[in-house]
Amino acid sequence: MDKKMLLSLLETNARYSTRDLSDILMEDENSVLHAMKELEKQKIICGYHTVINWDKTNNEKVMALIEVEVAPERDYGYDRIAKAIYRYPEVDTMYLMSGKSEFIVMIYGKTMQEISNFVGAKLATTDHVRSTSTFFVLKQYKINGVIFDEEEKVEERLIVTP
């Protein structure tokens, strides 16, 4: 079975049924199910997610990207510091980066104040954190390949006159 193709299909659309996947991959359903379970066990497939445009709902949600500058630990580098940060339940996503800051942390909150409280009380006071810079997301245009900004175009029929 082409596991890379299976992963690519699931990344594009996690709602594919095992039957659809087996048809596309030209494999039987049991083989697809077995491959998916094996990939989950190996932590290659880490979840099945839905992209939601929260701006079109009544749910208030604020997202912030936070640059975190840290001093690495002798013998451990950045890994123990990262673990101390990503274990906070407020942290949704975290990356080690090249450039000015070592980490980018993505968090969600109900208000900007809630995020500010997290940064001031928890993140900035974490051992080895030298500084933070918080950037609030004002508008989302595209997430995981899904464009949010385009309006559906309705084709207008031309008026035919005699």
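How each quantity is defined
Residues numbered from 1 in each chain as written. Predicted model: local features only at pLDDT ≥ 70, side-chain atom pairs only at ≥ 80, totals over all residues. Heavy atoms only, no water. Patch = residues over 30% accessible without salt bridge, like charges linked within 9 Å, V, L, I, M, F, W, Y side chains within 5 Å. Areas by Shrake-Rupley, 256 points an atom, 1.4 Å probe, with all protein chains shown as cover. Salt bridge = Lys/Arg side-chain N within 4 Å of Asp/Glu carboxyl O. Lys, Arg positive; Asp, Glu negative; His and termini not counted. Charge placed at Lys NZ, Arg CZ, Asp CG, Glu CD. Helix = DSSP H or I, 4+ residues; strand = E, 2+ residues; numbered from the N terminus. Buried < 20%, exposed > 50% of the residue type's maximum accessible area, 1.4 Å probe, protein only. Phe/Tyr/Trp six-rings, centres within 6.5 Å; stacked < 30°, edge-to-face > 60°. Lys NZ or Arg CZ within 6 Å of the ring centre and 35° of its normal.

## A few points about a negative patch on the surface
Then, number 1: On the surface, D20, D23, D28 and E29 cluster together to form a negatively charged patch.
Then, number 2: Here D28 shows up in the loop between α2 (18-25) and α3 (29-41).
Then, number 3: On the accessibility criterion, D28 (43% relative accessible area) is partly exposed.

## Thoughts on the pattern of salt bridges
Then, number 1: One pass over the full model with this rule turns up four salt bridges.
Then, number 2: Across the pair K100 and E67 runs a salt bridge, and its minimum N-O distance is 3.5 Å. Taken together, the residues span a long stretch of sequence, with K100 in the loop between β2 (91-96) and β3 (103-109) and E67 in strand β1 (residues 62-70) at a distance of 33 residues.
Then, number 3: Taken together, the shared-partner salt bridges connect E67, E69 and K100 into one network.

## Describing the packing of aromatic side chains
Then, number 1: Inspection of the entire model under this criterion finds two aromatic pairs.
Then, number 2: For the pair Y78 and F103, a centre-to-centre distance of 6.0 Å together with 80 degrees between the ring planes defines the contact as edge-to-face. Taken as a pair, Y78 in the loop between β1 and α4 (79-86) and F103 in strand β3 lie far apart in primary sequence, 25 residues in all.
Then, number 3: Overall, the relative accessible area of 2% leaves F103 in the buried class.
Then, number 4: Look at Y88 and F118: their rings are 5.5 Å apart centre to centre, the planes differ by 85 degrees, and that puts the pair in the edge-to-face class. Here Y88 is found in the loop between α4 and β2, whereas its partner F118 is found in helix α5 (residues 112-123), with 30 residues between them in sequence.
Then, number 5: With relative accessibility at 5%, the residue F118 sits in the buried group.
Then, number 6: The side chain of K61 reaches across the aromatic face of Y108, ending 4.7 Å from its centre.
Then, number 7: Over the face of the ring belonging to Y76 we find R80, whose NZ or CZ atom lies 3.8 Å from the ring centre.

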